[in-house]
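# Geometric and topological summary
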Amino acid sequence: MGAGHSHSHNEHPEPTPQMLAARKKANWILAAILIPLTLLTLAAMAFMWPSGSKEGITLASPYAAAPGVTFDTGKIQRVVVGSCSDVQAGGDAAAQQGAPGSGAAPQPPNAGSQCTFAYTEPDKGGNPVKVVINPDVAKSHGVKPGDNIRYLNLSKVQGAAGQGAPAYVFVDFVRTLPIIFLAVLYAVVVIAVARWRGLRALIGLVGAYVVLVSFMLPGLVEGKPPLLLALVGSTVIMIGVLYFAHGFSARTSTALLGTMFGLAITALLAAWATDAANLAGVGSHDAATLTNISDNISISGIILCGLIISGLGVLNDVTITQSSAVWELWELAPETSARQLFTSAMRIGRDHIASTVYTIAFAYAGAALPVLILVMLYERPLGDALTSAELSEEVIRTLVGSVGLVLAVPVTTLIAVLVVKATGIRGGVVARVASERTQPEGAGPGRTQPERGRPERIGPDAGGPDWGGDESGGSEPGGSDGAGAATRRGRRAALRG
């Protein structure tokens, strides 16, 4: 008895042949539903695949330099604060040594104010150059020696010296090394903890971004229907990510069905909310830029697509958890009725819902923190602030994603329970076979081993009913508390045998 109980929390019971048969039958049931849906999704994806043409798009890239102008990189050697009248074209070391004409250059408009200069050693070699740091960067973050920066080189532009314009202007920081370090650290941590499943999840994430970049983004640029584009692209992403990370199993297929339902609810609600709340994206500089470069781009459609995509990760999280919970509970207590199985799994789901809703809300709040600070400083009424153009999109994104997430939990749980019960494997049969496997050699069908073949009753439940009625399938866990507890303990111990 002691040995059998000591492994109850450390070892996963080996599946019985009946359990394996149940899983196989469940896979066939789910395949009959998912295969047509997958084929329909792939057909829609092929039909909507963007051409890749950028005809009619007029966009001047801010990263494209004019003739004679280059984007260079370098490391800051020292930082000084001086008068902005020191800004001269050709502000490199030669100019600082009194190059001809340097004193005759006209003063810039902001002469008399203080500017920040960073003497920077170019990565391509040469003398340090004097780079003008943008006032907002100097005030909010600042620069220091050792920082790698990207700057605009205007020294070769004809006439720059005569206009008194700066020859080198700060553009951005070079963040390559920190981002590579964090990416490597993230991959190492995921693989170290989740092992092969973590590696497959990372590869699946790369595949998801391939779908996003090659299908969904070009489709939005070409004016494809945003609702259908988001549904098809998100479904393809979830099919690939779920099966690649978790493998082909009844649990994964059940989670996929629940995810599809959650996506459908989120998409319908997002379509209604985008229209009803008049989400036009007019408060965003990027949205205004997209509106002006092409007549095919719909800002409302982009917002709608974003509302659907933003909840994919959390939706996948809750559905795979609920599916796994139902299968684990059933395999531990296969005699449990459908109602009890659903109720037990929903207890897990409610805890998950509570924590995940916080995750969504705080994630969006963190992303919109600058806007929230501005709204607070404006001292507007709370209702006006939440419905303003600055915050309404984030509020609706949070609410739409949360509704789809919450509804996906009971639906996934129900699908999993129906699939489990549709396998037709009765709990009594599974428990009896598991019990027979624990009998020692020489105990034939006509000989019973109550002391060895069946788990010994524990504590006050020793006086409960014997296993005869349970093996025939005539006992339910809903009986008396003592008998039900003994039955559950015995059957779980039998499955672990």
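Rules used throughout
- Residues numbered from 1 in each chain as written.
- Predicted model: local features only at pLDDT ≥ 70, side-chain atom pairs only at ≥ 80, totals over all residues.
- Heavy atoms only, no water.
- Helix = DSSP H or I, 4+ residues; strand = E, 2+ residues; numbered from the N terminus.
- Buried < 20%, exposed > 50% of the residue type's maximum accessible area, 1.4 Å probe, protein only.
- Contact = heavy atoms within 4.5 Å.
- Pairing = 2+ DSSP bridges.
- 1 Å grid on protein atoms, 1.4 Å probe; cavity = no way out; pocket = protein on both sides within 12 Å on 5 of 7 lines; lining within 4 Å.
- Points joined across faces, edges and corners; volume = space filled by probe spheres on them.
- Axes fitted to C-alpha atoms, helices over the stretch in contact; angles between N-to-C directions.
- Parallel < 35°, antiparallel > 145°, perpendicular 65-115°, else oblique.
- Nonpolar A, V, L, I, M, F, W, Y, C, P; charged D, E, K, R; others polar.
- Phe/Tyr/Trp six-rings, centres within 6.5 Å; stacked < 30°, edge-to-face > 60°.
- Lys NZ or Arg CZ within 6 Å of the ring centre and 35° of its normal.
- Salt bridge = Lys/Arg side-chain N within 4 Å of Asp/Glu carboxyl O.
- Core = buried A, V, L, I, M, F, W, Y, C linked by side-chain atoms within 4.5 Å.
- Left-handed = near helix turned anticlockwise from the far one by under 90°.
- pLDDT = per-residue confidence, 0-100.
- Patch = residues over 30% accessible without salt bridge, like charges linked within 9 Å, V, L, I, M, F, W, Y side chains within 5 Å.
- Areas by Shrake-Rupley, 256 points an atom, 1.4 Å probe, with all protein chains shown as cover.
- Expected span 1.5 Å × (residues − 1).
- Bend = angle between axes of the 7 residues up to and from the residue.

## Considering the overall build of the protein
What the protein contains, in helices and strands, is 18 helices and 5 strands. The burial tally for the protein puts 37% of its 497 residues in the buried class. Long-range contacts, defined as pairs at least 24 residues apart, comprise 75% of the intrachain contacts of the protein with a sequence gap of at least 6.

## Description of the side chain of T116
Structurally, the position occupied by T116 is in strand 2 (residues 114-122). Among residues more than four places away in sequence, those in contact with T116 are V79, V80, V81, V131, V132, I133 and A138.

## Things to note about the side chain of T259
Locating T259 in the fold gives a position in helix 8 (residues 250-276). Here T259 is in contact with M238, L242, L315, N316 and T319, once residues within four sequence places are set aside.

## Describing the pairing of strand 1 (residues 70-83)
Bridge analysis of strand 1 against strand 4 (residues 148-153) gives 6 bridges, and the strand direction is antiparallel. Across the sheet, the residue bridging to D72 is Y151, located in strand 4. Bridging between strand 1 and strand 2 involves 9 bridges; their strand directions are antiparallel. Bridging from a neighbouring strand, S83 pairs with Q114 of strand 2.

## Regarding empty space enclosed by the protein
Across all of its chains, the model carries 4 cavities of 30 Å³ or more by this definition. The volume enclosed by the largest cavity comes to roughly 60 Å³. In this structure, the largest cavity is lined by L263, T266, I308, G311, L312, L315, G401, G404 and L405. Contributing elements (two or more residues each) for the lining of the largest cavity: helix 8, helix 11 (312-332) and helix 15 (392-422).

## Quick look at the packing of helix 12 (residues 338-367) against helix 13 (residues 369-378)
Interhelical geometry of helix 12 versus helix 13 gives an angle of 75° and a closest axis separation of 5 Å. Compared by their axis directions, helix 12 and helix 13 come out roughly perpendicular. For the pair formed by helix 12 and helix 13, the contact residues are A365, G366 and A367 on the first element and L369, P370 and L372 on the second. Looking at the contact of helix 12 with helix 13 residue by residue, the classes come out as 5 nonpolar, 1 polar and no charged.

## Let's talk about the packing of aromatic side chains
Inspection of every chain in the model, using the stated rule, returns 6 aromatic pairs. With centroids separated by 6.0 Å and ring planes inclined at 75°, the aromatic side chains of Y151 and Y168 adopt a geometry described as edge-to-face. Taken together, the residues span a long stretch of sequence, with Y151 in strand 4 and Y168 in strand 5 (residues 168-173) at a distance of 17 residues. Summarising the burial analysis for this pair, Y151 and Y168 share the class buried. Sitting over the ring of Y119, R78 keeps its end group 4.0 Å from the ring centre. The ring of F117 carries the charged tip of K130 above its face, separated from the ring centre by 4.2 Å.

## Notes on the pattern of salt bridges
Evaluation of the coordinates by the stated rule reveals 6 salt bridges. Between D147 and K144 there is a salt bridge, and its shortest N-O distance comes to 3.2 Å. Owing to a relative accessible area of 11%, D147 belongs among the buried residues under this scheme. Residues E393 and R397 are paired through a salt bridge, measuring 2.9 Å at the closest nitrogen-oxygen approach. Of this pair, E393 and R397 both sit in helix 15, 4 residues apart, which is roughly one turn of that helix.

## Some thoughts on the nonpolar core
F215, M216, I237, L256, I308, V326 and W327 are the most contacted members of the largest nonpolar core, which totals 56 residues. Take this core: its biggest share by element is 10 residues, from helix 7 (residues 226-246). Judged by nonpolar contacts, the second largest core, of 13 residues, contains I76, I149, Y168 and F170.

## Quick notes on the packing of helix 6 (residues 176-221) against helix 7
Taken N-terminus to C-terminus, the directions of helix 6 and helix 7 make an angle of 165°; their axes are 8 Å apart at the nearest point. Between helix 6 and helix 7, the crossing angle belongs to the class labelled roughly antiparallel. Here the hand of the crossing between helix 6 and helix 7 comes out right-handed. Each of R197, R200, A201, I203, G204, A208, V211, F215, M216, G219 and L220 in helix 6 lies in contact with helix 7, whose residues at this interface are P226, L229, A230, V232, G233, S234, V236, I237, V241, F244, A245 and H246.

## Topic: the confidence of the model for the protein
Confidence in the prediction of the protein, expressed as mean pLDDT, is 75, and 71% of residues score 70 or more. Here helix 17 (residues 468-471) stands out as the element of the protein with the lowest mean pLDDT, 36, in contrast to helix 6, whose mean of 92 is the highest. Counted against residues more than four places away or in other chains, residues 1-12, with its pLDDT under 50, gives 8 contacts. Across residues 490-497 the pLDDT falls below 50, and counting only partners more than four positions away or on other chains, this stretch makes 29 contacts in the model.

## A word on the environment of A385
The topology assignment puts A385 in helix 14 (residues 382-386). On the basis of relative accessible area, A385 is assigned to the buried category, the value being 4%. For A385 and L372, which are 13 residues apart along the polypeptide, the C-alpha to C-alpha distance reads 9.0 Å. Not counting residues up to four positions away in its chain, the partners in contact with A385 are V375 and L391.

## Structural notes on the environment of L34
Following the sequence through the fold, L34 ends up in helix 2 (residues 17-48). Remark: the alpha-carbon pair of L34 and I239, spanning 205 residues in sequence, is separated by 9.8 Å. In this view, L34 contacts Y243, S253, L256, L257 and M260; residues no more than four positions away in its chain are not counted.

## Regarding a nonpolar patch on the surface
A cluster of nonpolar side chains, contributed by L369, L372, I373, L374, M376, L377 and Y378, occupies part of the molecular surface with about 710 Å² of accessible area. One can find L377 in helix 13. With a relative accessible area of 58%, L377 lands in the exposed category.

## Side note on helix 15
Between the first and last C-alpha of helix 15 there are 45 Å, a value that for 31 residues agrees with the 45 Å anticipated at 1.5 Å per step. Maximum bend of helix 15: about 25°, positioned at A408, with proline P410 one to four residues after it.

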